[in-house]
Structures are given as structure tokens and as C-alpha cells.
Amino acid sequence: MMMNNSVTEFILAGLTQDSGKQKAIFGVFLILYLVTLLGNFLIVVTIKTCRTLGSPMYLFLFYLSFADACFSTTTAPRLIMDALSQKKTISFKECMTQVFAVHFFGCTEVFVLILMAFDRYVAICKPLRYTAIMSRQICVVLVILAWVGACIHSSAQIFLILRLPFCGPNVIDHYFCDLQPLLKLACMDTYVINVLVVSNSGALCMMSFVILLMSYVVILYSLRNHSAEGRQKALSTCTSHLIVVVIFFGPCIFIYTRPPTTFSIDKMVALFYTIGTPLLNPLIYTLRNAEVKNAMKKLWCSKV
């Protein structure tokens, strides 16, 4: 399956070559990464230990936070370490592993966000059948399907990349291994491969985004029949989800749904969805959710 490659390692260009800026990058992103891990860890532990957070919505939030922590870990540690390294090399196998991991955990987030939207749709539009439709067993099966779907998506990406020959330039103009920068280094015409990448990652992003937006339009439309208090509670939850959806899918659509070209702004956009989104998700879900905040206060105050 894999073509003959004379390239055994790649060099990551990183965010900047300026040594002063690299030290700042090390400090800033180390703090952001630690805060990301702490925030998602707090949500995971709180949901796991608090019986009041046993509904399907919090089961999905548990897996979203877990995926967020893993997704951030696929890129942030190397970005932080490379900021202090003179030569930012990554072996071919490590590079392929990173491509797989980034798309696996990123795709898992996409599917879990869809599950969360489906949960809100059933809760608001079909409240009498909610417990039957969203039983614990069904929710677990849905989460498993999300992981399997993410694995299939990532395997397809790796299959495409491993068919490319790398025999010349090995400097990746990015801070992590990703599809578009790697396509630029291949020693062949990558038009067909790029079309397949766009039809895989790009279509996944666009279709998921459209499905999520449509589901929230339906939810918001159905809220007109609810009481003012019920409307306010549902709107609070849905608003949190919509904020996450927009900040995650906006950058992804920009990166993965266009022709084979790279822009100087790509690194900044990638930072937003690989570093920013996993950092912001815990803040959005805790600051806008009274149940999670109260559960955290009870759990962590009792521990202290």
C-alpha cells in the first residue's frame, strides 16, 4: 500500500522561527494546555462521580470532554516542546500517527456534538418518549458508533496519505502533521487525492454542520409552545451547544473544504480548533450550565 519513500522524517516549521517569540509560545501554550487538561478533567470527574448528572446529555458531555483532552494532546505537547527545540523533526511513522490521532479525536468530537443535538431534540420535541428513546443502553451504543465512525474516517485519511510518495522536500509548513501541508510535499500530482480528502474531511464537516444547524432550527421552532421558564432553560442549553458548534466547525470548514492550497493564516485557524476549542468547551459548558456548576461546587468543596 505504501509507496517507496526516501523521506524518513519531516521537519515541522512551527509557528515562527524567531527565538524570542518561540519562548513566548512555550510559556503561553504550556499554560493553555494545562488549563485545557484541568478544565476537561474537572468535567469528566464531576460527571463520573455525581449521581445528579446521570442524564444522557451529561454522558455525551463526559465523552466530549474526554475527546477534547485527547484532541488537544495530539498537537499541543509537540508544539510546546518544539518551541524550545533547534531542530523540529518528526519521524514518518510519528507523523502518520499524528494525522490519524488528530482526525480520530476531531471526528469523535463531531459525532458527539451531533449526539448532543439529537439528545436536545428528543428532550424538547418528544419529551414523553425521551426516556424510552434515550435509554442508557441506546446512548452507550450511539457513543460506540461515534468512536467506530471516527476510526473509519481516520483510517481512510491514512490510507490516502500512505499512497503518496515523499522523495524530496521534507519541511512541513505547519506546527503539526496534517493533510494539506503533506499533500504539498508529495512527489506526484495530488489533485485526485485532494478531491478525495475534501470529499472525506470537507464533506464530513459541512454535512455535520448543516445537520446541527437544522436540528437547532427545529428545536428553536418547537420551543414556541413551551412555557417561559422551560423556554429559557432549553435556550440556555442549546445556546451553549451552538457556540461550541460554530467555533469548532468554522475553522474546520475553512481548512478542509477548499482546493489544494495553503494560506499563511492556516496555522492561526488551526490553533483555534486544535488548541482553542478544547480550552473553551469546558468554560462554555460550566459557565452556562447551573447543574454542572452546582455539582462541581458540591464535589470539589467537599473534597477540599
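An unreviewed UniProt entry annotates the protein chain as Olfactory receptor of Equus przewalskii. Taken verbatim from the UniProt record of the protein chain, the Sequence similarities (unreviewed entry) comment is "Belongs to the G-protein coupled receptor 1 family."

### With respect to the overall build of the protein chain
Per the secondary structure count, the protein chain includes ten helices and three strands. The C-alpha atoms of the protein chain give 21 Å as radius of gyration, which agrees with the globular expectation for 304 residues (19 Å, within 12%). Counting every position in the protein chain, which comprises 304 residues, the buried fraction comes to 51%. If you take every contact in the protein chain between residues at least 6 apart in sequence, the share linking residues at least 24 apart comes to 80%. Carbon and sulfur atoms make up 69% of the accessible area of the protein chain, which totals about 14,600 Å². The centroid of the 24 positive side-chain charges in the protein chain is displaced by 10 Å from the centroid of its 13 negative side-chain charges.

### Topic: helix α9 (residues 266-287)
End to end, α9 covers 30 Å across 22 residues, agreeing with the expected 32 Å (1.5 Å per residue, within 8%). At Gly276, α9 shows its strongest bend, of approximately 45 degrees, with the proline Pro278 following within four residues. Across the 22 residues that make up α9, a large majority, 17, are buried.

### Let's talk about a nonpolar patch on the surface
Residues Val140, Ile144, Val148 and Ile152 make up a contiguous nonpolar surface patch of about 340 Å² in total accessible area. Structurally, Ile152 can be placed in helix α5 (residues 136-162). Here Ile152 falls in the exposed class, since its relative accessible area comes to 56%.

### A look at the sheet that holds strand β1 (residues 9-12)
If you walk across this open sheet you meet the three strands as β2-β1-β3, and the pairing is mixed. The outermost strands of the open sheet, each flanked by one partner alone, are β2 (89-91) and β3 (171-172). Helix α3 (residues 92-125) contacts β1, β2 and β3 of the sheet and is inclined by roughly 85 degrees relative to β2.

### Details of the side chain of Glu109
Structurally, Glu109 is set in helix α3. For Glu109, a relative accessible area of 0% puts it in the buried group.

### Section: the pattern of salt bridges
Pairing of side chains with opposite charge becomes possible as their charged atoms draw close. A complete count under the given rule lists four salt bridges for this structure. As a salt-bridge pair, Arg78 and Asp82 come within 3.9 Å of each other at their nearest N and O atoms. One end of the pair is Arg78 and the other is Asp82, both in helix α2 (residues 56-82) and four residues apart, which spans about a single turn. Like Arg78, the residue Asp82 is buried in the burial classification. With its nearest N and O atoms 2.8 Å apart, the salt bridge here joins Asp119 to Arg120.

### With respect to the UniProt feature "transmembrane region" (unreviewed entry) in the protein chain
Listed under "transmembrane region" (unreviewed entry) in the UniProt record, and renumbered for this structure, are residues 24-45, 57-80, 100-118, 138-162, 201-223, 235-256 and 268-287. In residues 24-45, the share of helix is 100% and the share of strand is 0%. The end C-alpha atoms are 32 Å apart.

### Describing the packing of α2 against α9
It is the contact of α2 with α9, at a shortest axis distance of 9 Å, that shows an interaxial angle of 145 degrees. For the element pair α2 and α9, the recorded crossing hand is left-handed. Where α2 approaches α9, its residues Leu61, Leu64, Asp68, Phe71, Ser72, Thr75, Ala76 and Leu79 are matched on the opposing element by Leu271, Tyr273, Thr274, Ile275, Pro278, Asn281 and Tyr285.

### A closer look at the packing of aromatic side chains
The final tally for this structure, using the stated rule, is 15 aromatic pairs. Taking the centre distance of 5.1 Å and the plane angle of 85 degrees together, the rings of Phe62 and Tyr63 count as edge-to-face. Ring-pair connections join several aromatic residues into one group, and the members of that group are Phe71, Phe209, Phe248, Phe249, Tyr256 and Tyr273.

### So, the nonpolar core
By size, the foremost hydrophobic cluster in this structure holds 96 residues, and its most contacted members are Phe10, Leu61, Leu113, Phe166, Leu182 and Phe249. Among the elements that take part in this core, α3 stands out by supplying 17 residues, more than any other.

### As for the environment of Leu220
Examined against the element boundaries, Leu220 turns out to sit in helix α7 (residues 191-222). A relative accessible area of 37% means that Leu220 is categorised as partly exposed. Note: C-alpha distance between Leu220 and Cys125 (95 residues apart in sequence) is 9.7 Å.

### A word on the state of the cysteines
Scanning the entire structure with this criterion turns up two disulfides. Each sulfur in the disulfide pair Cys167 and Cys187 lies 2.1 Å from the other. Pair noted here: Cys167 is in the loop between α5 and β3 and Cys187 is in the loop between α6 (179-185) and α7, with a separation of 20 residues, a long-range link. A relative accessible area of 33% means that Cys187 is categorised as partly exposed. Disulfide partners in the protein chain, listed by the sequence order of the bonded cysteines, are 1-3, 2-4. Free cysteine Cys205: the closest other cysteine sulfur is in Cys252, separated by 4.6 Å.

What counts, and at which threshold
Residues numbered from 1 in each chain as written. Predicted model: local features only at pLDDT ≥ 70, side-chain atom pairs only at ≥ 80, totals over all residues. Heavy atoms only, no water. UniProt positions renumbered as here; feature names shortened; annotations may be inferred. Helix = DSSP H or I, 4+ residues; strand = E, 2+ residues; numbered from the N terminus. Rg over C-alpha atoms; globule rule 2.2 N^0.38 Å. Buried < 20%, exposed > 50% of the residue type's maximum accessible area, 1.4 Å probe, protein only. Contact = heavy atoms within 4.5 Å. Areas by Shrake-Rupley, 256 points an atom, 1.4 Å probe, with all protein chains shown as cover. Lys, Arg positive; Asp, Glu negative; His and termini not counted. Charge placed at Lys NZ, Arg CZ, Asp CG, Glu CD. Expected span 1.5 Å × (residues − 1). Bend = angle between axes of the 7 residues up to and from the residue. Patch = residues over 30% accessible without salt bridge, like charges linked within 9 Å, V, L, I, M, F, W, Y side chains within 5 Å. Salt bridge = Lys/Arg side-chain N within 4 Å of Asp/Glu carboxyl O. Pairing = 2+ DSSP bridges. Axes fitted to C-alpha atoms, helices over the stretch in contact; angles between N-to-C directions. Left-handed = near helix turned anticlockwise from the far one by under 90°. Phe/Tyr/Trp six-rings, centres within 6.5 Å; stacked < 30°, edge-to-face > 60°. Core = buried A, V, L, I, M, F, W, Y, C linked by side-chain atoms within 4.5 Å. Disulfide = S-S within 2.5 Å.

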